[in-house]
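Given next are the chains, with one letter for each unit.
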Amino acid sequence: MSRIYFVVFLVSIYLALDIYVFVAVKSLSEGLTPIWRRFVLTSYWAVSIVSLTGVLLYRQIDPKLFADLRLYITTFFFVLFIGKVFATVFLLLEDIRRGVTWIVNLFPMVEEKHSTSRSEFMQKSAIIAGAIPVATMTFGVISGAHDYRVRNRIVYSPNLPKSFDGIRVAQISDIHTGSFFNKTAVAGGVDLLNAQKPDAVFFTGDLVNNRSEEAKEYLDIFKKINAPLGVYSVMGNHDYGDYTNWSSEEAKQKDIQNLHKMHAYMGYDLLLNENRTLKVDGEEIAILGCENWGSGRFSKYGDMKKTISGAEEIPYKLLLSHDPSHWDAQIRQEYPDIDLMLAGHTHGFQFGIEIGDFRWSPVQYRYKQWADLYSEGNQSLYVNRGYGFLGYPGRIGILPEITILELKRS
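## Structural notes on the overall build of the protein
- Secondary structure summary: the protein contains 9 helices and 14 strands in total.
- Counting all 410 residues of the protein, 48% fall into the buried class.
- Counting only contacts in the protein whose residues sit at least 6 apart along the sequence, the fraction spanning at least 24 positions is 75%.
- Of the roughly 20,500 Å² that the protein leaves accessible, carbon and sulfur atoms contribute 60%.
- Averaging the positions of the 42 positive and the 44 negative side-chain charges in the protein gives two centres separated by 6 Å.

This is the structure:
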């Protein structure tokens, strides 16, 4: 019942915004010829009706057969909704100004004339303000979703054995196969990763959104990722099925086990609170794989005591842990001998600005470490911006990432 109330509320808000913006569109279209005016007004409502119809029929559409259609429906609705919110802000400001003017004109000693040109200017500004986010978000879907960028960084540590000095490792994170809609582009990103010829590859979680079945069509694509020293992976918060309804706990656990088998099929060495040792010329480094551990409301399946067990004496330790909040909350406090942690999770909010070393995204107000390389003393953390996307099927400013880290002995 609460879901019905939410849908009614959402549709009511959408219609209210629709009518409010339509008044401005209607006013601005008065200068057009009758044919063009009718076309503009009819198109306006046609687009809105199609969008609303899609939302109302969303739950009746089979998610297995028409997953892409469901994605297009939600994206179309969301983009239009945001555009109308922006337009409404400008129109509301103008209506507030006109209201104040009307009140002032009630007093006989004061008279402020209403400016028609100003109102028209604000109406045009509102339409432009609404069109900008629509155009930007559409571009983010068409271009940004699969615009993979290789980011190269050097990470120094005094504990790195000489035999590993200069080793190049790759990291990808947050694949979210359940959101993909372009196999060719996804495969192109894998080819780009392999072209970097890394010595080892690390995947830091979130292969799916909710269920293991989402990954089936993409397993053979990601199976192509390879490296001489192996491909290692961990689980992310979305890999445990915590965000969907299951018929039973047994069904949920069976799906998790199925996901584990998928990692094995792709040739990924899935680390479930355990570690592996990499050896080169008689020297060793430890690869630690902790299950998801996030601060706040996020799940804490991780157990660092189990994860590090047996690797305590290895001089250099590289930790895979999906959520970057794990670094400040536990790793830096209790495990100062972990040299490098690789994380993902934030996606960089899939929206922001990056110019040179300057980075800004709304996600930084939630996560202290949200993208790129961070260091405290001899410990380092790298937060990958994510390979895929979730919710909004695109990226604006914060593009999907393939990370190449060169480990150097300092």
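Moving on from the model shown.
## What about the nonpolar core?
- With 33 residues, the main nonpolar core has Phe222, Ile225 and Tyr387 as its most contacted residues.
- Those elements that place two or more of their residues in this core are strand S2 (167-172), helix H5 (183-195), strand S3 (200-203), helix H6 (219-222), helix H7 (249-266) and strand S14 (401-409).
- In terms of residue count, H7 provides more of this core than any other element does, 4 residues in total.

## Regarding the sheet that holds strand S7 (residues 283-289)
- Pairing within the open sheet is mixed, and its 6 strands lie in the order S6-S7-S8-S9-S13-S12. Each of the sheet's edge strands pairs with one partner strand only, and the pair in question is strand S6 (274-280) and strand S12 (372-376). The sheet shows a mean angle of 20° between the axes of neighbouring strands, direction not considered.
- Note that S6 and S7 share 7 bridges and pair antiparallel. Looking at S7, one finds that Lys279 is bridged to Glu284.
- Of the strands in this sheet, strand S8 (317-320), strand S9 (340-343), S12 and strand S13 (379-383) are in contact with helix H9 (residues 325-334), which crosses S13 at around 160°.

## As for the packing of aromatic side chains
- One pass over the structure, following the stated rule, counts 18 aromatic pairs.
- Between Tyr148 and Tyr387 the ring centres are 4.4 Å apart and the planes differ by 25°, which places this aromatic pair in the stacked class. Taken together, the residues span a long stretch of sequence, with Tyr148 in the loop between helix H4 (116-144) and strand S1 (149-157) and Tyr387 in the loop between S13 and S14 at a distance of 239 residues. For the pair Tyr148 and Tyr387, one class covers both residues: buried.
- Where Phe202 meets Tyr232, the ring centres are 5.9 Å apart and the plane angle is 35°; that geometry is what we call tilted. Residue Phe202 is found in strand S3, and its partner Tyr232 is found in strand S4 (residues 231-233); the two are separated by 30 residues along the sequence.
- An aromatic cluster is defined as three or more aromatic residues linked by ring pairs; in this entry it consists of Tyr148, Phe180, Phe181, Tyr218, Phe222, Tyr387 and Phe389.
- The ring of Tyr218 is capped by Lys183, whose NZ or CZ atom sits 5.8 Å from the centre of that ring.
- Sitting over the face of the ring of Trp246, Arg211 holds its NZ or CZ atom 4.2 Å from the ring centroid.

## Considering helix H2 (residues 34-56)
- If you check H2, its first and last C-alpha atoms are 33 Å apart, about what 23 residues at 1.5 Å a residue would give, namely 33 Å.
- Among all positions in H2, only Leu41, Tyr44, Ser48, Ser51, Leu52, Gly54 and Val55 are buried.

## Details of the pattern of salt bridges
- Using the criterion set out here, one finds 17 salt bridges in the structure.
- Here Lys408 makes a salt bridge to Asp165, at a shortest N to O gap of 3.8 Å. Remark: Asp165 occurs in the loop between S1 and S2 and Lys408 occurs in strand S14; sequence separation between them is 243 residues.
- Between Glu401 and Arg385 there is a salt bridge, with the nearest N and O atoms lying 2.9 Å from each other. With a gap of 16 residues between them, Glu401 in strand S14 and Arg385 in the loop between S13 and S14 connect regions that are remote in the sequence. The pair Glu401 / Arg385 is uniform in exposure class, with both members buried.
- Overlapping salt bridges, with partners in common, bring together Arg151, Arg153, Glu354, Asp372, Arg385 and Glu401 in one network.

## Some points on the pairing of S13
- The buried count for S13 comes to 5 of 5 residues, which makes it a mostly enclosed element.
- The alternating pattern of S13 places Gln379, Leu381 and Val383 and Ser380 and Tyr382 on opposite faces, both of which are buried.
- Strand direction decides the pairing type here: S9 and S13, joined by 4 bridges, are parallel. By the bridge assignment, Leu340 is partnered in S13 with Ser380.
- By the bridge criterion, 5 bridges tie S12 to S13 in an arrangement that is antiparallel.

## Side note on the sheet that holds S1
- Strand order in the open sheet formed by 6 strands is S1-S14-S2-S3-S4-S5, with mixed pairing between adjacent strands. The outermost strands of the open sheet, each flanked by one partner alone, are S1 and strand S5 (269-270).
- In this structure, S1 lies alongside S14, joined through 9 bridges in parallel fashion. Bridging from a neighbouring strand, Arg151 pairs with Thr403 of S14.

## Examining unusual backbone geometry
- Although it is not a glycine, Lys197 sits at a positive phi angle of roughly 50°.
- With respect to the helices and strands, Lys197 occurs in the loop between H5 and S3.
- Notably, Asp281 is not glycine yet its phi reads approximately 50°, a positive angle.
- Mapped onto the fold, Asp281 is located in the loop between S6 and S7.
- A relative accessible area of 71% means that Asp281 is categorised as exposed.

About the thresholds
Residues numbered from 1 in each chain as written. Predicted model: local features only at pLDDT ≥ 70, side-chain atom pairs only at ≥ 80, totals over all residues. Heavy atoms only, no water. Helix = DSSP H or I, 4+ residues; strand = E, 2+ residues; numbered from the N terminus. Buried < 20%, exposed > 50% of the residue type's maximum accessible area, 1.4 Å probe, protein only. Contact = heavy atoms within 4.5 Å. Areas by Shrake-Rupley, 256 points an atom, 1.4 Å probe, with all protein chains shown as cover. Lys, Arg positive; Asp, Glu negative; His and termini not counted. Charge placed at Lys NZ, Arg CZ, Asp CG, Glu CD. Core = buried A, V, L, I, M, F, W, Y, C linked by side-chain atoms within 4.5 Å. Pairing = 2+ DSSP bridges. Axes fitted to C-alpha atoms, helices over the stretch in contact; angles between N-to-C directions. Phe/Tyr/Trp six-rings, centres within 6.5 Å; stacked < 30°, edge-to-face > 60°. Lys NZ or Arg CZ within 6 Å of the ring centre and 35° of its normal. Expected span 1.5 Å × (residues − 1). Salt bridge = Lys/Arg side-chain N within 4 Å of Asp/Glu carboxyl O.

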